[in-house]
Amino acid sequence: MTVCSTRVAIVGGGLAGVYAAYLLEQRGITDYVLLEARPALGGRIQSLSPKGRDFALAAPRMDRFDLGPTWYWPAFQPELDQLVRALGLERFEQHESGDMVLERSPNEKPIRTFGYGSSPPSMRLRGGMATLVEALHGSLNAGRTAVGQKVQAVRLAGRHVDVVSRDAAGALSTLRAEQVLLAVPPRLAHESIAFSPPLPAPIARTWQHTATWMAPHAKYVAVYDTPFWREAGLSGEARSARGPLGEIHDASMPGGSAALFGFFAVPAVVRRGVAQEALIGHCRAQFARLFGPQAAAPRAEFIKDWALDELTATASDQEAVDGHASPPPATIADGDWRARLVGVGSEWSPQFPGYVAGAIEAARLGVQAILAEQPAAL
């Protein structure tokens, strides 16, 4: 088993983990290692191109569509907006101009009604939300990040914490750290990582009952040459009580392709029993009902079912309703784990648990927490 040492171990390479690494480097701390189980960074932030390529630094930046978080609200989330601006990323307002379409019951035809815009407006990033992760990662020391490393155990070892991970080939590695930033959802950490000694029972229960954002849900994206629905005076927004998609939005990318996306209203336990080809067929038929026959012939389409993603969802998530519930405590006040383990994933955010802005807030607070506990004092 390979063993190496570092001051700070970051478990999870989604936005929170990458931003935590960025903040450490901004404060002159380069003695850290970030471990990510997936083959690429991003976590629940995934932006795909029309050709279907997954998150990658080489993917076309203008023509990608989000399968996870899609927008944010600068007026409500200024810390995130300041970061977007500081990194030089291009943002644009989510398209909401025009009428929306409603399917009020399975037995009624769709109706067209006045649309409504978000106030204050929501914003998206040109090239998808993954550009935020890419920009942060691009500023880091690449040698401090290890992908394809699934953490299986976190163990106290005297004055250190041993983080044990397994790679795709099954080889085990141990990272010996002074402190650990946990940048994965609390429920996933509780069910997939063995903590030794065990976490305090109240902390473990709270983690187990904290909903993981997006875990029960799935998205369908359909890509077109032009936003033909806009020409008909439609915003691309729809709500449906018939389904299979319950909420639909315009996902077009300025300078790139036109697109629509929808959230499935069909529960995860039901989706599991339906072949993806059949789900896609139902989605096409629904888009045709709502937006006309052109919508039945996208030039590219994809489904991301987060409930089937073992690095996001657990068995507890399958029948859950997604929510932005009250966050659990990010630090452990007493006992063996005090000052050793800090939660920095989005679900730990006090203001925006589950949101993109929550990952930024939780990472900042987590880094502040470990810096307040200097290793020499532990």
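Cut-offs used in this document
Counting from 1, residues in each chain are numbered in the order their sequence is written. Local features in a predicted model are, by the rule used here, given only for residues with pLDDT of at least 70; side-chain atom pairs are given and counted only at 80 or more, and totals for whole chains, interfaces and linings are based on all residues. Side-chain numbers here rest on the full set of heavy atoms in the structure, without hydrogens or water. Strand pairing requires that DSSP identify at least two bridges connecting the strands. Helix and strand assignments follow DSSP, with helices taken as H or I runs no shorter than four residues and strands as E runs no shorter than two, numbered in order from the N terminus. Axis angles are defined between N-to-C directions and span 0 to 180 degrees, where every axis is a line fitted to C-alpha atoms and, for a helix, only to the segment in contact. Here, two residues are considered to be in contact whenever any of their heavy atoms come within 4.5 Å of each other. When accessible area is computed with a 1.4 Å probe and restricted to protein chains, residues below 20% of their type maximum are described as buried, those above 50% as exposed, and intermediate ones as partly exposed. Nitrogen and oxygen atoms within 3.5 Å of one another constitute a polar contact, given that in protein one can donate a hydrogen and the other can accept it, and given that sequence-neighbouring residues count only through two side-chain atoms. Of the two site types, the cavity is a set of points on a 1 Å grid over the protein atoms alone where a 1.4 Å probe fits but cannot get out, and the pocket is an open set with protein on both sides within 12 Å along at least five of seven lines, each lined by residues with an atom within 4 Å of a point. Grid points are joined across faces, edges and corners, and a volume is the space filled by probe spheres set on the points. The convention is simple: Lys and Arg are positive, Asp and Glu are negative, and His and the chain ends are not counted. We define a salt bridge as a side-chain nitrogen of Lys or Arg found within 4 Å of a carboxyl oxygen belonging to Asp or Glu. Only residues whose relative accessible area exceeds 30% and that form no salt bridge are eligible for patches; like-charged ones are grouped when within 9 Å, while nonpolar side chains (Val, Leu, Ile, Met, Phe, Trp, Tyr) are grouped when within 5 Å. The Shrake-Rupley method, run with a 1.4 Å probe sphere, supplies the accessible areas, and residue values consider only the shown protein chains as cover.

**Structural notes on the sheet that holds strand 6 (residues 99-103)**
The seven strands are arranged 7-6-15-16-17-14-18 in an open sheet whose pairing can be described as mixed. Either end of the sheet is taken by a strand with one partner, and the two such strands are strand 7 (111-113) and strand 18 (300-305). Strand-to-strand twist across the sheet, computed as the mean angle between neighbouring axes with direction ignored, equals 20°. Here strand 6 runs beside strand 15 (residues 234-240); their pairing, made up of four bridges, is parallel. Considered in strand 15, the bridge of V101 is made with A238. Lying over the sheet, helix 8 (residues 276-291) contacts strand 6, strand 14 (218-224), strand 15, strand 16 (245-250), strand 17 (258-264) and strand 18, oriented at roughly 65° with respect to strand 16.

**A short note on the environment of D81**
Mapped onto the elements, D81 comes out in helix 2 (residues 78-86). We classify D81 as buried; its relative accessible area is 9%. Distance in space between the C-alpha atoms of D81 and A357 is 8.6 Å, their sequence separation being 276 residues. With sequence-adjacent residues up to four places away left out, D81 is seen in contact with Y72, P74 and R91. Among the polar contacts listed, one links the side chain of D81 to the side chain of Y72, at a separation of 2.6 Å.

**With respect to the layout of surface pockets**
Computed from the structure, the largest pocket encloses a volume of approximately 510 Å³. As for the largest pocket, its lining consists of 35 residues, and the residues nearest its centre are R38, G43, A183, V184 and P185. Counting residues per element, the ones that place at least two in the lining of the largest pocket are helix 1 (15-26), strand 2 (32-36), strand 10 (150-157), helix 4 (186-192) and helix 9 (356-372). Residue contributions to the lining of the largest pocket peak at three residues, all from helix 4.

**Points about the side chain of E36**
Structurally, the position occupied by E36 is in strand 2. Notably, E36 is buried but unbridged: the nearest opposite-charge side chain belongs to R38, and the N-O separation is 4.0 Å. Reaching out from E36, the side chain makes a polar contact with the backbone nitrogen of G13 at a distance of 2.5 Å. Polar contacts involving the side chain of E36 include one to the main-chain amide nitrogen of R38, which spans 2.8 Å. In this view, E36 contacts G12, G13, G14, L41, A146, V147, G148 and Q149; residues no more than four positions away in its chain are not counted.

**Let's talk about the pattern of salt bridges**
The full count for this structure, using the stated rule, is 19 salt bridges. For the salt bridge of R289 with E103, the shortest nitrogen-to-oxygen distance reads 2.7 Å. With R289 in helix 8 and E103 in strand 6, this residue pair connects regions lying 186 residues apart in the sequence. For R289, a relative accessible area of 27% gives the class partly exposed. Between R284 and E301 there is a salt bridge; the shortest N-O distance is 2.2 Å.

**Some words on a nonpolar patch on the surface**
A surface patch of nonpolar side chains, about 190 Å² in accessible area, is lined by V269, V270 and V274. We classify V269 as partly exposed; its relative accessible area is 34%.

**Quick notes on the side chain of S252**
With respect to the helices, strands and loops of the structure, S252 is situated in the loop between strand 16 and strand 17. Overall, the relative accessible area of 8% leaves S252 in the buried class. Within polar-contact distance, the side chain of S252 engages the backbone nitrogen of A259 at 3.1 Å. Beyond its immediate sequence surroundings of up to four residues, S252 is in contact with F65, F92, R124, P227, W229, R230, S257, A258 and A259.

**Some remarks on unusual backbone geometry**
In this structure, the amide linkage connecting S119 to the following residue, P120, adopts the cis form with an omega of 0°. Relative to the helices and strands, P120 is located in the loop between strand 7 and strand 8 (123-125). The peptide bond linking G243 to P244 adopts the cis configuration, its omega dihedral lying at 15°. Structurally, P244 is set in the loop between strand 15 and strand 16. Of note, the phi angle at M214 is positive, near 75°, even though the residue is not glycine. The topology assignment puts M214 in the loop between helix 5 (201-208) and strand 14. In the Ramachandran plot, A339 falls in the positive-phi region, its phi being about 70° despite a non-glycine side chain. Secondary-structure assignment places A339 in the loop between strand 18 and strand 19 (341-343). What makes A339 buried here is its relative accessible area of 12%.

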